[in-house]
Amino acid sequence: MKPVYIIDGARTPFLKSRNRPGPFAASDLATEAGRALLLRMPFAPTDLDEVILGCAAPAVDEVNIGRVAALRMGCGLRVPGWTVMRNCASGMQSIDSAIDAMAIGRSSLVLAGGVDALSRVPLLFSDAMVGWLSAWYAAKTFGARAALVTRFRPHFLAPVLGIMKGLTDPVVGLLMGQTAENLAWRFDISREAMDAYSARSHAHVLSAQREGRFAREIVPLYDGSGHLYAADDGVREDSTPQNLAKLKPFFDRKYGNITAGNSSQITDGGAWVVLATDEAVARHGLTPRGRIVDCQWAALDPAEMGLGPVYAATPILKRHGLGITDIDAWEINEAFAAQVLACLAAWKSEAFCRDELGLPGALGEIPDDRLNVDGGAIAIGHPVGASGTRIVLHVLNVLERTGGRRGLAAICIGGGQGGAMLVERVD
Amino acid sequence: MTVDRSSWALSRDGDGLAWLTFDRPDAAANTLSAATVDEFVAMLDLLERDAPRGLVIRSGKSNGFIAGADVGEFGAIHDAAAARALVERGWRAFERLAGVRYPAVALVRGFCLGGGLELALACRYRVVVDEPATRLGLPEVMLGIVPGWGGIKRLPALVGAPAALDLLLTGRTIDARRARKLGLADECVPPRIMANTARGVLLAASAPRRLGFPLSLTLTTPGRRFVADRAAKAVEKRASRAHYPAPYAILELFRRYDGNALAPPVGNPAAIDALLATPTARNLIRVFGLQERLKSFGKADAAAVTRVHVIGAGAMGGDIAAWCALRGMTVTLQDQDAVRLTPAFARAATLFKSRLRDNRRIRDASDRLIPDVAGDGIAHADLVIEAIFENVDAKRAVFAEVEKRARADAVLATNTSSIPLEDIASVLAAPQRLVGVHFFNPVARMMLVEIVAGRESDPAALARAAGFVRAIDRLPLPVKSAPGFLVNRVLAPYLMTAMRCVDEGIAAETVDRAAVAFGMPVGPIELADAVGLDICLAVGRMLAKDAAVPRTLAERVDAGRLGKKSGQGYYLWKDGKAQKGVAGVPDAGLTSRLIDPMVAEARAALAEGIVADADLVDAGAIFGTGFAPFRGGPLHYAANEDERAD
């Protein structure tokens, strides 16, 4: 693979959805993080070859949000901008699409990222309501309208939650949380283990915040009424195993194990990285922070989509002759605690590694101090389109801090896929 | 003067429409001089012989339709007969236009002011182009004169008396959409279909707009009286009849003479003779000229500034940054941490909302204003403005860092009001790069910006800074680096004297009343409270050579009563307003006691060459301190007083 360098990256704080539209539209988030990142660059925004933005749920008024963000960030009329969508990995797909364009020599300097404002996913009219309304608009006479009024039923007004549609697999009909229940069942993961893992995520984010480990990647946001958003706001001091144990199962009601507390949070956020080839590095005098060594996509049963990281990361390790401990820092996106724990269990299982991954034996265990060391989406939140970019950027930050060399960012994808990216620090 | 026949160009199209294009070959903007009005009438004569199916009147200039009457020509008029002739020429021309047999439409793109709007009003229809640059208004009142070419007659008939009087009495302009909403324009369209719209309006030839009920009542005789009386009460609160006769004349012309400025008999206060008898109109026209002169300082052929970096997000720095973003600059705003930037972004959001209204334009302005704690914007900036607290060491530290990171061609500027530029520039490897760009508070309202030349300042950097000030629609005034520059220097003795009067036991309200009666927009004590008493004290100490600081000022600053910002100064402040008691009757000598020190300081500043000439002293005092514009500035006023005394 032709070398692709990560020059720098930045993201917004991830803002938890408070059950009403958040303070920023997705393009606001993308613009604010991107313009701050571009400010750090010695080149002008107009020097970019293209802007690629992953977004799982663009709002109806900014469907090609990649172009909207490019224009709003001051990239000028002549820099193309486009949007990619691979559900939860949209923000990793944008990076891979940049790699493609660089590989064939079409681009040498790309801004790639991901964004979503899940708090703004709309409520929709039901089909029954839409049908009634279209009949109403078609009705010309008073009589016809009067007849329609008698056919109206209050339940027509019940909205369809766009976010619930988005979090339901359209092929197998399971909510994402139910696919995680499947993994918990298959790998025998207890509620206690899930809650303990979730508490760990919160604790790690809190200590990372205290030590200022996110300072380099977070761009503070200001809204129009004098509020500053400087940090990820979904993390909680009181997310202890004891407190998490009190929450009710959300997806398989009553007798399930997956709760809001051991799932990732519904969140708004955006993240970007600047990617460059050797040639662009030389042209603009850039100082790369890291290099993307490899990328892999994989697919699996949608009902077990959470194992995606296992299927995507393993081929990369194989290709480069690496064992699990040759990776100095792992970021496995925390869609659900059960799902991360299932990935770990799969790699530890000789049978799974042999039968599913074609390995001679178990791959082994990721040391606890190399996995999601600053927490993950359970505490920070999972603005679907943005997470792929965030974990690639963050694994690089971890390598820089710990002095490690190789990092692996992997993410599970609703619909039954996985994505993984191998990153190396550049001195 | 010879009549240049090429100002108006006439062509005809296949639909039988005539297209009359106004394009003065001798000027950047279209204005109506005697010659161009005569030529316009000649064009109407020509059309009369072979009447078209309709007439489109449009501009050949890209910057606007018509800016109004030729102010240079008007300013040169000194006797009533010449003024009467000028009014009559335009009045007759537009009466003639209003009476033509064929329909006429004014196609208005860009500014359409004064006589230009009166021409448009005389057409049967108006099509306005929906762009931010399209502005319509009758600003004559701001020059101390009245719209004499039919504006007072035709505008109320189109939009009703209340809206018309609002425009006539304030002189403010409106945009294309507002014009359409008021009924001033028949159509408001994007430029791509403007010509087609003008054609379509003429070919449809529908009945001209009629004012509907109940607005039509405002044009009846009792309606006129009622509306004019109410408007007069509002005017009395803003401008006294003695200082500003023009709004009262406009009301009289509307009430009794159907807008015909030639109708009032000699001796009537609304007659042209009466308006010319006071120096107000002449002084206001002079002020207009001074404003044009200040604008010209920003026209030097210097590279345009498009990216600005502002350091210091306090009241001044934050507002400078927001203003620059509002006016189209890409701005990075730096302070020590994110929290300190927060209030600046809240104020910016308020500014954008109130000035732009359109959501997309508000968003674009917000996108141009970028928080930048790390100072990454310095490397991209054409201009870096430092606006931190007044401490020479802190400023030196800022510029030492800035010089390392800024582009070699970037202009470095300080907004200091009290520290000599040379003291700051000494830290720079290239001290000639530093200039002063001194804004006044509140940035969004104060038109003047002093461009301060230090001993070593590079003239090219000064020219570029002045061009920047013009680009953000402010008025640059070149001044020499000396304590207080021009504006604060002239203002300080006036404020200090006012406070000394309070020391002596005169009520603050009484002092302010004397100044307002003279024509100041606000009294000196209220102004000091608004500026901040701590700042007044610092400036007073810097500028007062030997005089003691007013006792009441020092006491208040010691007690932390700093004025508007702390809620209490000389006055108690509530909801941004000074709570005033009843003013006493000022002593006969109080006014001159307040004004004379200002005049004396203005003379001293001129003698020291702080600005190039006396006109610029007056310009600085008017646009920087609010010195009563109808008096023409402190030096002009003093010269007139001397004349009167002789």
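Think of each chain on its own: its residues are numbered from 1, step by step along the sequence as written. Chains and ligands are labelled by the order in which they are written, letters from A for the one and numbers from 1 for the other. In view of the model being predicted, local features appear only for residues whose pLDDT reaches at least 70, and side-chain atom pairs are presented and counted only at 80 or more, with totals across whole chains, interfaces and linings using the full set of residues.

This part covers the overall build of chain B. A helix here means a DSSP run of H or I that spans at least four residues, while a strand means a run of E at least two residues long, and both kinds are numbered starting from the N terminus. The number of helices and strands found in chain B is 26 helices and 20 strands. Projecting the C-alpha coordinates of chain B onto the three principal axes gives extents of approximately 75 × 60 × 50 Å. Classification of the 646 residues of chain B by burial places 52% in the buried group. With C-beta atoms placed from the backbone, a residue is buried if 20 or more other C-beta atoms are within 10 Å of its own, exposed if 12 or fewer are, and partly exposed between those counts.

Check the secondary structure of chain A and you find 15 helices and 14 strands. The C-alpha atoms of chain A give 22 Å as radius of gyration, which agrees with the globular expectation for 427 residues (22 Å, within 12%). A buried classification covers 55% of the 427 residues belonging to chain A. For every residue pair, C-beta atoms are placed from the backbone, and the pair is scored as a contact if these atoms sit within 7 Å. For chain A, long-range pairs separated by at least 24 residues make up 81% of all intrachain contacts whose partners lie at least 6 apart in sequence. Atoms counted for the radius of gyration: C-alpha only. Globule rule: 2.2 Å times residue count to the power 0.38.

Between the first and last residue of a helix there are one fewer steps than residues, each counted as 1.5 Å, and that sum is the expected span. Taking 1.5 Å of rise per residue, the 17 residues of helix H12 (residues 280-296) of chain B would be expected to cover 24 Å, and the 24 Å separating its terminal C-alpha atoms lies within 8% of that figure. Next to the buried residues of H12 of chain B lie helix H2 (71-75), helix H10 (245-256), helix H11 (272-277), strand E18 (475-480) and helix H25 (614-625) of chain B.

Let us now look at the interface of chain B and chain A. The interface is formed by 16 residues belonging to chain B together with 14 residues belonging to chain A. Breaking the side of chain B that touches chain A down by element, the ones donating at least two residues are strand E12 (330-334), helix H14 (338-356) and strand E13 (369-371) of chain B. At seven residues, the largest contribution of residues to the side of chain B that touches chain A is made by H14 of chain B. Side-chain classes are defined by residue name, with Ala, Val, Leu, Ile, Met, Phe, Trp, Tyr, Cys and Pro counting as nonpolar, Asp, Glu, Lys and Arg as charged, and the others, Gly among them, as polar. Class assignment for the residues of the side of chain B that touches chain A results in eight nonpolar, five polar and three charged.

Turning our attention to the domain arrangement of chain A. It is common to give the size of an interface as the accessible area that goes away when the parts come together. Along its sequence, chain A is organised into domain 1 (4-122 + 266-284), domain 2 (126-160) and domain 3 (176-214 + 234-262 + 293-425). Just the C-alpha atoms count here: the centres of domain 2 of chain A and domain 3 of chain A sit 47 Å apart. Domain delimitation in this document rests on an assignment produced automatically or drawn from a domain database.

Glancing now at unusual backbone geometry. Peptide bonds are mostly trans, and most non-glycine residues show a negative phi. Residues and elements named next belong to chain B. The omega torsion across Phe213 and Pro214 is 5 degrees, close enough to zero to call that bond cis. Geometrically, the link from Asn441 to Pro442 is a cis peptide bond, its omega value of -5 degrees lying close to zero. Relative to the helices and strands, Pro442 is located in the loop between strand E16 (434-438) and strand E17 (448-453). A positive phi angle, near 50 degrees, is found at Asp258, a position not held by glycine. Here Asp258 shows up in the loop between H10 and H11. In this structure, Arg357 takes a positive phi of about 60 degrees despite not being glycine.

All names here are of chain B. When DSSP locates at least two bridges between a pair of strands, those strands are taken to pair. Pairing is mixed in the open sheet, where six strands are placed in the order E1-E2-E3-E5-E7-E10. Of all strands in the sheet, those bounded by a partner on one side alone are strand E1 (8-12) and strand E10 (187-189). The mean inter-strand angle of the sheet, taken between neighbouring strand axes irrespective of direction, is 20 degrees. Relative to E10, strand E7 (residues 125-129) runs parallel, the two being bridged by three bridges. Along E10, the bridge assignment pairs Val129 with Val189. Axis angles are defined between N-to-C directions and span 0 to 180 degrees, where every axis is a line fitted to C-alpha atoms and, for a helix, only to the segment in contact.

This part is about the packing of helix H20 (residues 508-518) of chain B against helix H21 (residues 524-531) of chain B. All names here are of chain B. Taken N-terminus to C-terminus, the directions of H20 and H21 make an angle of 105 degrees; their axes are 7 Å apart at the nearest point. It follows from the interaxial angle that H20 and H21 lie roughly perpendicular. Where H20 abuts H21, its residues Ala508, Val511, Asp512 and Ala515 lie against Pro524, Ile525 and Glu526. Partitioning the contact of H20 with H21 into residue classes produces five nonpolar, no polar and two charged. Working rule for angles: under 35 degrees goes down as roughly parallel, over 145 as roughly antiparallel, 65 to 115 as roughly perpendicular, anything else as oblique.

Attention now moves to the pairing of strand E4 (residues 81-84) of chain A. Residues and elements named next belong to chain A. Where strand E3 (residues 50-54) and E4 come together, four bridges link them in parallel fashion. Note on E4: the bridge partner recorded for Ile52 is Trp82. Chirality of the crossover, the property in question, places the unit of E3, helix H2 (residues 65-72) and E4 among those that are right-handed. When the strands point away from the viewer, a crossover counts as right-handed if the path from the first strand over the helix to the second runs clockwise.

Time to look at helix H7 (residues 176-187) of chain A. Residue and element names in this part refer to chain A. Taking 1.5 Å per residue, 12 residues should reach 16 Å; H7 reaches 17 Å between its end C-alpha atoms and fits that length. Where burial is concerned, most of H7 is hidden: nine out of the 12 residues are buried. When we look at burial in H7, the residues that qualify are Met176, Gly177, Thr179, Ala180, Glu181, Asn182, Leu183, Ala184 and Phe187. As for H7, its buried residues are in contact with helix H12 (337-348). Downstream of H7 by one or two residues, Asp188 has phi in the positive range, about 55 degrees.

Another aspect to go through is the environment of Val146 of chain B. Residues and elements named next belong to chain B. Tracing the sequence through the fold places Val146 in the loop between strand E8 (135-137) and helix H5 (151-159). Residues Val146 and Asn30, 116 residues apart in the sequence, show an inter-C-alpha distance of 20 Å. Not counting the four nearest positions on each side in its chain, Val146 is found in contact with Glu140, Ile152, Ala246, Ala249, Ile250, Leu253, Ala261 and Leu275.

Now for the pairing of strand E11 (residues 307-311) of chain B. Looking down a regular strand, the side chains alternate between one sheet face and the other. Residues and elements named next belong to chain B. E11 sits mainly inside the fold: five of its five residues count as buried. Residue alternation in E11 divides its side chains into two sets, Arg307, His309 and Ile311 and Val308 and Val310, and both sets are buried. Two strands pair when backbone bridges link them, and E11 and E12 are joined in this way by five bridges, in the parallel orientation. In the strand pairing of E12, Val310 is matched with Leu333. Note on the crossover from E11 through helix H13 (residues 315-326) to E12: the handedness is right-handed. As paired strands, E11 and strand E14 (residues 383-386) are joined by four bridges and run parallel to one another. Opposite Val308, over in E14, you have Leu383 as the bridge partner.

Looking at the element boundaries, Gly323 of chain A is found in the loop between helix H11 (308-319) and strand E12 (329-332). Look at Gly323 of chain A and you get exposed, because 9 C-beta atoms sit within 10 Å.

A few words on the sheet that holds E17 of chain B. Residue and element names in this part refer to chain B. Read from one edge of the open sheet, eight strands run E13-E12-E11-E14-E15-E16-E17-E18, paired in mixed fashion. Because the sheet does not close on itself, it has two edges, and the strands there are E13 and E18. Across the sheet, the mean angle from the axis of one strand to that of its neighbour is 25 degrees, orientation sign disregarded. Its contacts with the sheet put H14 on E12 and E13, and the angle it makes with E13 is roughly 160 degrees.

Okay, the domain arrangement of chain B next. The domain boundaries assigned to chain B delineate domain 1 (5-278), domain 2 (301-481) and domain 3 (488-645). Here domain 1 of chain B and domain 2 of chain B have C-alpha centroids that lie 40 Å from each other.

All names here are of chain B. Running from N to C, H14 and helix H15 (residues 359-368) point in directions that differ by 145 degrees, and their axes come no closer than 9 Å. In the crossing of H14 with H15, the sense of the turn from one axis to the other is right-handed. For the pair H14 and H15, contact is made by Ala349, Phe352, Lys353 and Leu356 and by Arg361, Ile362, Ala365 and Ser366, respectively. Left-handed is the label given to a crossing in which the near helix is rotated counterclockwise from the far helix by less than a right angle, and right-handed is the label when the rotation is clockwise.

Confidence along chain B averages 94 in pLDDT terms, with 98% of residues attaining 70 or more. We note a pTM of 0.93 for the whole complex and an ipTM of 0.93 for its interfaces. The pLDDT value expresses, per residue, how confident the predictor is, ranging between 0 and 100.

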